[in-house]
Amino acid sequence: MRHRELAWGLAWGLAWGMVRVEQVDEESQQRDLAQVNQALEARLRELEATNATLTAARDEAEAANRAKSRSLAELTHEIRAPANGLMGMTDLLDKTSLTQQQRLYVDMLKRSAVTLRHVIDDVLDLSSMEAGRLEMVAADFDIRDVIDDVLETMGQQAQRKGLELVAEYPPVVLPGAHGDLRRTRQVLVNLIGNAVKFTSEGVVRVRLLDGDGVGELRVEVEDTGIGIGEDARAKIFEPFTQADGSTSREFGGSGLGLSISKGFVEAMGGRIGVAAPAGRGAKLWFTLPRGIDDSGESMAVPGLDVAGSRAGLLVKHPAVSASLRAALAGCGVDATELPDGAAVGPWLRGGPDSAPVVLIADAHGLSAGPDVPLVALRRLDESASWSGAASHGGRQPVGLHLPVTRQRLLAALRGALGLVGAGAGRGARTSAAVAALRGLRVLVAEDSPVNQEVTASMLQLHGCHVDLVTNGEDAVDAVRHRGYHVVLMDWQMPGLDGLAATARIRAAEAAEGRQATPIVALSARAMPRDDQQCLEAGADGYLSKPFSEGQLLEILAPWAASVRGRSDAPTDVFDVLDAEALDRLRSLQRPGTRGFVERILGRYVGEVDPLIRAIRQGAEGGDLAAIERAAHTLKSSSLSVGAAAMGAVCANLEKLARTGGDGETLLARLPELLRAAAEVRAEVARVVAAANDDSGVLPGPS
Ligand code: ADP
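Predicted model only: the values in this text are computed from it and were never measured. (Residues numbered from 1 in each chain as written. Predicted model: local features only at pLDDT ≥ 70, side-chain atom pairs only at ≥ 80, totals over all residues. Heavy atoms only, no water.)

**Q** Talk me through the sheet that holds strand S12 (residues 398-401); I want residue IDs and the actual numbers.
**A** Spatial strand order, S9-S8-S10-S11-S12: five strands in an open sheet with parallel pairing. Strands with a single pairing partner mark the edges of an open sheet, and in this sheet they are strand S9 (334-337) and S12. Strand-to-strand twist of the sheet, defined as the mean angle between neighbouring strand axes without regard to direction, takes the value 25 degrees. In the packing of helix H9 (residues 406-417) onto the sheet, contacts are made with strand S10 (357-361), strand S11 (374-378) and S12, and the angle to S12 comes to roughly 170 degrees. (Pairing = 2+ DSSP bridges. Helix = DSSP H or I, 4+ residues; strand = E, 2+ residues; numbered from the N terminus. Axes fitted to C-alpha atoms, helices over the stretch in contact; angles between N-to-C directions. Contact = heavy atoms within 4.5 Å.)

**Q** Tell me about the pairing of strand S3 (residues 176-180), and name the residues and values.
**A** Among the five residues that make up S3, four are buried, leaving the element largely enclosed by the rest of the structure. By the bridge criterion, five bridges tie strand S1 (residues 138-142) to S3 in an arrangement that is antiparallel. Bridge pairing in S3 links Ala139 to Gly179. (Buried < 20%, exposed > 50% of the residue type's maximum accessible area, 1.4 Å probe, protein only.)

**Q** Can you explain helix H3 (residues 143-160)? Please cite residues and give values.
**A** Taking 1.5 Å per residue as the helical rise, H3 with its 18 residues ought to reach 26 Å, and the 26 Å between its terminal C-alpha atoms agrees with that figure. Within H3, the axis deviates most sharply at Met154, by approximately 50 degrees. For H3, the complete set of buried residues consists of Ile143, Arg144, Val146, Ile147, Asp148, Val150, Leu151, Met154, Gly155, Ala158 and Gln159. Two residues or fewer after H3 comes Gly162, characterised by a positive phi angle close to 75 degrees. (Expected span 1.5 Å × (residues − 1). Bend = angle between axes of the 7 residues up to and from the residue.)

**Q** Now, about the pattern of salt bridges: what can you tell me, with residues and values included?
**A** In this structure the tally under the stated criterion is 25 salt bridges. Note that Glu222 and Arg207 form a salt bridge whose closest N and O atoms lie 3.4 Å from each other. Residue Glu222 is found in strand S5 (residues 216-222), and its partner Arg207 is found in strand S4 (residues 203-210); the two are separated by 15 residues along the sequence. When its relative accessible area of 14% is taken as the criterion, Glu222 is described as buried. By relative accessible area, which is 22% here, Arg207 ends up partly exposed. Linking Glu654 and Arg658 is a salt bridge whose minimum nitrogen-to-oxygen distance equals 3.7 Å. (Salt bridge = Lys/Arg side-chain N within 4 Å of Asp/Glu carboxyl O.)

**Q** Provide a residue-level description of the environment of Pro546, including the pertinent values.
**A** Residue placement: Pro546 occurs in the loop between strand S17 (541-544) and helix H15 (549-563). Classification of Pro546 as buried rests on a relative accessible area of 3%. Considering only alpha carbons, one finds Pro546 and Leu522, 24 residues apart in sequence, at a separation of 9.1 Å. The residues touching Pro546, leaving out its near neighbours within four places in the chain, are Arg80, Ala83, Asn84, Met87, Arg117 and Gln551.

**Q** Can you tell me about the packing of helix H17 (residues 596-621) against helix H18 (residues 624-641), naming the residues and giving the values?
**A** With their axes 9 Å apart at the nearest point, H17 and H18 run at an angle of 160 degrees to one another. Accordingly, the angle class assigned to the pair H17 and H18 is roughly antiparallel. Where H17 crosses over H18, the handedness of that crossing is left-handed. Facing Ile600, Leu601, Tyr604, Glu607, Val608, Leu611, Ile612, Ala614, Ile615, Gly618 and Ala619 of H17, the residues of H18 in contact are Ile627, Ala630, Ala631, Thr633, Leu634, Ser637, Ser638 and Val641. Its residues placed into classes, the contact of H17 with H18 shows 14 nonpolar, four polar and one charged. (Parallel < 35°, antiparallel > 145°, perpendicular 65-115°, else oblique. Left-handed = near helix turned anticlockwise from the far one by under 90°. Nonpolar A, V, L, I, M, F, W, Y, C, P; charged D, E, K, R; others polar.)

**Q** Give a description of the sheet that holds strand S6 (residues 272-275) that names residues and reports values.
**A** Strand order in the open sheet formed by five strands is S2-S4-S5-S7-S6, with mixed pairing between adjacent strands. Sheet topology places strand S2 (164-168) and S6 at the edges, where each strand pairs with a single neighbour. Each adjacent strand pair in this sheet contributes to an overall mean axis angle of 20 degrees, direction not counted. H3 contacts S2, S4, S5 and strand S7 (283-289) of the sheet and is inclined by roughly 175 degrees relative to S2. Each of S2 and S4 touches helix H7 (residues 318-330); the most contacted strand, S2, lies at about 30 degrees to it.

**Q** Before we move on, could you go through the packing of aromatic side chains and cite the residues and values that matter?
**A** Throughout the structure, instances matching the rule amount to zero aromatic pairs. Between Arg310 and the ring centre of Trp347, over which it is positioned, the NZ or CZ distance is 4.7 Å. (Phe/Tyr/Trp six-rings, centres within 6.5 Å; stacked < 30°, edge-to-face > 60°. Lys NZ or Arg CZ within 6 Å of the ring centre and 35° of its normal.)

**Q** Give me the lowdown on the confidence of the model for the protein chain, citing residues and values where you can.
**A** Put simply, the protein chain has an average pLDDT of 79, and 83% of its residues get 70 or more. Of all secondary-structure elements in the protein chain, the lowest mean pLDDT belongs to helix H10 (residues 426-435), at 39, while S7 reaches the highest, 96. Here residues 420-434 is modelled with pLDDT under 50, and outside its nearest four sequence neighbours on either side it reaches seven contacts, counting other chains as well. Under a pLDDT of 50 for its full length, residues 695-702 has, in the predicted model, 13 contacts with residues more than four places off or in other chains. (pLDDT = per-residue confidence, 0-100.)

**Q** Any details on the packing of helix H12 (residues 472-481) against helix H13 (residues 498-512)? Residues and values, ideally.
**A** Direction vectors running N to C along H12 and H13 enclose 25 degrees, while the axes themselves pass 9 Å from each other. Our classification of the angle between H12 and H13 gives roughly parallel. As H12 runs across H13, the sense of the crossing is right-handed. Between H12 and H13, the contacting residues are Gly472, Ala475, Val476, Val479 and Arg480 on the first element and Ala501, Arg504, Ile505 and Glu512 on the second. A per-class count over the contact of H12 with H13 returns five nonpolar, one polar and three charged.

**Q** Tell me what's going on with a negative patch on the surface, and back it up with residues and numbers.
**A** On the surface, a cluster of negative charge is made up of Glu22, Asp25, Glu26 and Glu27. Tracing the backbone shows Glu22 in helix H1 (residues 2-95). (Patch = residues over 30% accessible without salt bridge, like charges linked within 9 Å, V, L, I, M, F, W, Y side chains within 5 Å. Areas by Shrake-Rupley, 256 points an atom, 1.4 Å probe, with all protein chains shown as cover. Lys, Arg positive; Asp, Glu negative; His and termini not counted. Charge placed at Lys NZ, Arg CZ, Asp CG, Glu CD.)

**Q** Describe empty space enclosed by the protein, with residues and values.
**A** Enumeration over the complete set of coordinates arrives at six cavities of 30 Å³ or more. By volume, the second largest cavity is sized at about 70 Å³. In terms of lining residues, the second largest cavity is bounded by Asp148, Ala167, Tyr169, Ser323, Leu324, Ala327, Val404, Thr405, Arg406 and Leu409. Those elements that provide at least two residues to the lining of the second largest cavity are H7 and H9. In terms of residues, the lining of the second largest cavity owes the most to one element, H7, which gives three residues. (1 Å grid on protein atoms, 1.4 Å probe; cavity = no way out; pocket = protein on both sides within 12 Å on 5 of 7 lines; lining within 4 Å. Points joined across faces, edges and corners; volume = space filled by probe spheres on them.)

What follows is the structure in structure tokens.
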């Protein structure tokens, strides 16, 4: 019994103790939990505070970044405008007659201007990249077109250093890439530019390959230059970094090109790197995703009419020969490398009779040979006349300059094989388009005097009639009252800017039911989407300053062609040199003689400057009678040689002087007179050059 009580007491005590323990546990747990809770809440508040601070800091940083991008854009605008002037003026200076020494200086000036522009563009790209504002326009394209295009532009630079620059497109690799075409071009310019820069002899080879990964293709740029040490390979993709500090002194460069290229390639979903080259030199590569439409028609070789022909290659440089063989195989041409001229005969006899044959030879391989169509390779600076040509079965070879691109190779093959359409290449199209610029009335709205002068001079050189205004209001007025074929509108003018002026012009055209005048926006900002913004605001084209003469002509050509047939296009266009008047003069030439018209034109041009000087002196000294006399003489001689535009300007001056205009008004008309004189001089030079071309000098092989 006692035991039972004792046991029961013990059990009860134990149970109570456990309950108590549980109670104490629970209480302490609750206390702990409350403490944890408190700590968590405090931490949460801390985190919220940190978060708020970070958000404020991020907003501040983003605002600062936007401000940086904005001021960078403003800054580049400021730098680009004078750079535009520098490039344009240098281009014009280059066209004048210069001594050898002066030409050397102009060349150096030109190179500095180009470098300056590259640095401006690089800094702009890098800042866009850092600000996360790199915009990509993705599309499928044929990568060979981009490589060929870059080869074409860098050929001269490479050849000046005695380097071979070749592309190799094996026919088995599909060439369709997906990415931003313009950025891909920039990457190639950087890689090929570096390869040329760091190589003093040998070859720069661009090769297209299948990528290691699925759905990618790979481009390699390999050179035989100074190479890149193993330790430097990792760091050359960092901004402002060069493999060896001393190279910047010897070769120049900012150390930005590769970091920008890396940014571009990665943004397109590709990779970039440097590999160990097979021999000496450097090998850089990048990959791009393949285009979806890799097998589509757009990627097909556009020249299958040459397929089935046989080509014999007599080309000394193995890299050039290999690249030709691959390109020919891509066109379905059966190419054979021949060791020397003696091998031509057996090669000819070895093939089927039905296949058309062609020889492709450089200066070394070209010698007296059988009567076979010949494509003659030459460097850009090599003269078009071939010493071996005459002895080559009496045939005139078709020229093909190095570096060889697919388009030109095809054109040369077609030319040599006598296939229809030979010669209708890019060059022919461009010159036809440029010819269409003659007589075009262009309004240039631009506030910078230097840019006005540069743009006007470029246009006048091609026979355009140019009017200048310096602000948006005057541009709107001029378009309304005088009418133009095309307007070049600076987008950043003080007062009424390009955007507002374009809007007013468009509104007036709509209200009056007139057809829209093509407007090309000129902008030095070159920020992403700048072009789209101009186009959205009503411009028809966009040109980023500084621009070259070629870019200006290229953008104008389609507008020029399309406005020519318009009924309401301006009609009061005077010809710089009226063809009918020239024909009348030509009919005065005695039979059997030549050069009569050219002599008259030469004498006329000689008269222009002294008479303009007399007009200027008259205006400065307020001698109206002297102005009237000089203007009259210049008018009548202008009209007799058919210089109609110049004649009209002089007639105005003569009238103004006769009816008592003051010296200042007359002085204000001088720029117009000078422009007309420049146009006439350029046109006369063209007529004389054309006459010389016709006078029995045989054209070269290309
Ligand atoms: P930059 O050429 O303007 O200095 P990049 O970023 O294009 O700048 O190149 C960085 C560095 O990488 C170069 O300065 C050079 O040291 C090295 N490099 C790039 N390409 C080559 C090459 N093909 N051969 C030798 N070195 C090269």
